[in-house]
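Fold and geometry: a report
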Amino acid sequence: MSLKKSIILIVIILLIDQISKIYIKTHFALQDYIEVFSWFKIYFIENDGMAWGTKISDFVSFIDDRTAKVALTLFRIVAIFGIGYWLHDVIKKQSPKVLILAIALIFAGALGNIIDSVFYGVLFDDSYSQVATFLPKAGGYDALLHGKVVDMLYFPIWKGYLPEWLPFFGGDYFTFFEPVFNIADMAISTGFIMLIVFNKKAFQKKET
């Protein structure tokens, strides 16, 4: 897979990701939803932290939420440069296509969420009980590096009480699939799954 094709793929994913997020942000108030099917909803939430809504401050008590948010965003920016270098390196070495494709997907997804974290606080006003405005005259809902990631894809495929005989969770009300995510998350997850499933093919050694 060439550098040109990788860049085209990354740009396409970024466009789909950002267009979907901007549409949701400018047409939905927070927690508004549309039921497409009983098992699929467009449901608008914002993620202020890491995966599953966790925050650095949940683990390091002496760091306040705002400092932790900046630290997380800066870490993501550093990480994207590392992933970008890795992508360039594997293309230069003509590594297996599956490895290049996986890294390109991870890069595109990570960059998509970084755009939210870095710029959305400045570009939009808040979505609490209102539909946000793009480039509001009064300014955005927060400062640079303090943006929230927009999520909207929700697949509550099954809801119900778990059997009583199950250890630890028996009798609890359970939803599968609970997380709400976005196109960028899908790209990252797909890339990681490809690296796991096709590990041997992706990292195969060239015969000398």
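Residues numbered from 1 in each chain as written. Predicted model: local features only at pLDDT ≥ 70, side-chain atom pairs only at ≥ 80, totals over all residues. Heavy atoms only, no water.

1. With respect to the UniProt feature "active site" (unreviewed entry) in the protein chain
Our working definition: UniProt positions are given in the numbering used here, feature names are shortened, and annotations may be inferred rather than shown by experiment. Note on conventions: DSSP H or I runs of at least 4 residues are helices, E runs of at least 2 residues are strands, and numbering of each starts at the N terminus. In this description, contact between two residues means that some pair of their heavy atoms is separated by no more than 4.5 Å. Definition of a polar contact: a pair of N or O atoms within 3.5 Å, with one able to donate and the other able to accept a hydrogen when the atoms are protein atoms, and with sequence-neighbouring residues admitted only if both atoms are side-chain atoms.
With numbering aligned to this structure, UniProt lists the feature "active site" (unreviewed entry) at Asp151 and Asp185. These annotated residues cover 35 residues of sequence, and their C-alpha atoms lie no more than 8.9 Å from one another, placing them together at a single site. Structurally, the position occupied by Asp151 is in strand S3 (residues 149-154). Leaving out residues up to four positions away in the same chain, Asp151 has contacts with Tyr43, Phe44, Ile45, Asn47, Val180, Phe181, Asn182 and Asp185. Within the element layout of this structure, Asp185 appears in helix H4 (residues 183-197). For Asp185, the residues in contact, after removing those within four places along its chain, are Asn113 and Asp151. Looking at Asp185, its side chain comes within polar contact range of the side chain of Asn113, at 2.9 Å.

2. A few points about a nonpolar patch on the surface
What counts, and what does not: Nonpolar side chains (Val, Leu, Ile, Met, Phe, Trp, Tyr) are joined into patches within 5 Å and like charges within 9 Å, using only residues with over 30% relative accessible area and no salt bridge. Areas reported as accessible are Shrake-Rupley estimates using a 1.4 Å probe. Residue values count occlusion only from the protein chains shown. A pair is scored as a salt bridge if a Lys or Arg side-chain nitrogen falls within 4 Å of a carboxyl oxygen belonging to Asp or Glu. Throughout, exposure labels follow a simple rule: accessible area from a 1.4 Å probe, protein chains only, divided by the maximum for the residue type, with under 20% read as buried, over 50% as exposed, and the rest as partly exposed.
A contiguous nonpolar patch, built from Ile34, Val36, Phe37, Trp39, Ile157, Trp158, Phe174, Phe176 and Phe177 and spanning about 850 Å² of accessible area, is present on the exposed surface. If you list the elements that add at least two residues to the nonpolar patch, you get strand S1 (33-37) and strand S5 (173-176). Mapped onto the elements, Phe177 comes out in the loop between S5 and strand S6 (180-181). Of the residues examined, Phe177 reaches a relative accessible area of 31% and is grouped as partly exposed.

3. Thoughts on the UniProt feature "transmembrane region" (unreviewed entry) in the protein chain
Sequence positions flagged by UniProt for "transmembrane region" (unreviewed entry) are, in local numbering, residues 7-24, 70-87, 99-123 and 180-198. Annotated as 100% helix and 0% strand, the span residues 7-24 places its first and last C-alpha atoms 26 Å apart. Helix and strand shares over residues 99-123 are 100% and 0% respectively, and the end C-alpha atoms of the span are 35 Å apart.

4. Regarding the environment of Ile12
As for its position among the elements, Ile12 is in helix H1 (residues 3-27). A residue is classified by how much of its surface remains accessible, and Ile12, at 43% relative accessible area, is partly exposed. Taking the C-alpha atoms as reference points, Ile12 and Ala108, separated by 96 residues in sequence, lie 8.9 Å from one another.

5. Structural notes on the packing of helix H2 (residues 65-92) against helix H3 (residues 97-123)
Under the convention used in this document: Axis definition: a line fitted to C-alpha atoms, over the contacting stretch in the case of helices. Angles run 0 to 180 degrees between N-to-C directions. An angle counts as roughly parallel when it lies under 35 degrees, as roughly antiparallel when it exceeds 145, as roughly perpendicular when it falls between 65 and 115, and as oblique in every other case. The crossing is said to be left-handed when, going from far helix to near helix, the turn is anticlockwise and less than a right angle, and right-handed when the turn is clockwise. Just so you know the grouping, Ala, Val, Leu, Ile, Met, Phe, Trp, Tyr, Cys and Pro go in nonpolar, Asp, Glu, Lys and Arg go in charged, and all remaining residues, Gly too, go in polar.
Here H2 crosses H3 at 155 degrees, and the two axes come no closer than 9 Å. One way to sum up the angle between H2 and H3 is to call them roughly antiparallel. Judged by the sense of rotation from one axis to the other, the crossing of H2 with H3 is left-handed. Along the contact surface, H2 presents Lys69, Thr73, Arg76, Ile77, Ile80, Ile83, Gly84, Trp86, Leu87, Val90 and Ile91, while H3 presents Leu99, Ile100, Ile103, Ala104, Ile106, Phe107, Ala110, Leu111, Ile114, Ser117 and Val118. Residues that form the contact of H2 with H3 fall into these classes: 17 nonpolar, three polar and two charged.

6. Quick look at H1
Applied cut-off: Helix span, as expected, comes to 1.5 Å for every residue beyond the first.
End to end, H1 covers 36 Å across 25 residues, agreeing with the expected 36 Å (1.5 Å per residue, within 8%). For H1, the set of buried residues is Ser6, Ile10, Ile13, Leu14, Asp17, Gln18, Lys21, Ile24 and Lys25. Buried residues belonging to H1 abut strand S2 (40-47), H2, H3, S3 and H4.

7. Some details on unusual backbone geometry
Here the bond from Phe176 into Phe177 is cis, since omega is 25 degrees, no more than 30 degrees from zero. With a phi close to 55 degrees, Gln94 is a non-glycine residue in the positive phi region. Along the chain, Gln94 turns up in the loop between H2 and H3. Positive phi values are uncommon outside glycine, yet Leu145 reaches one of about 75 degrees.

8. Some details on the nonpolar core
To be explicit about the condition: For our purposes a nonpolar core is just a set of buried Ala, Val, Leu, Ile, Met, Phe, Trp, Tyr and Cys residues, chained together by side-chain atoms within 4.5 Å.
Judged by nonpolar contacts, the single largest core of 25 residues is most densely connected at Ile10, Ile83, Leu87, Val90, Leu99 and Ile103. Where this core is concerned, the elements lending two or more residues are H1, H2, H3 and H4. If you tally residues by element for this core, the top one is H3, at 13 residues. Grouped together as the second largest cluster of nonpolar side chains are 13 residues, Phe40, Tyr120, Ala132 and Met152 included.

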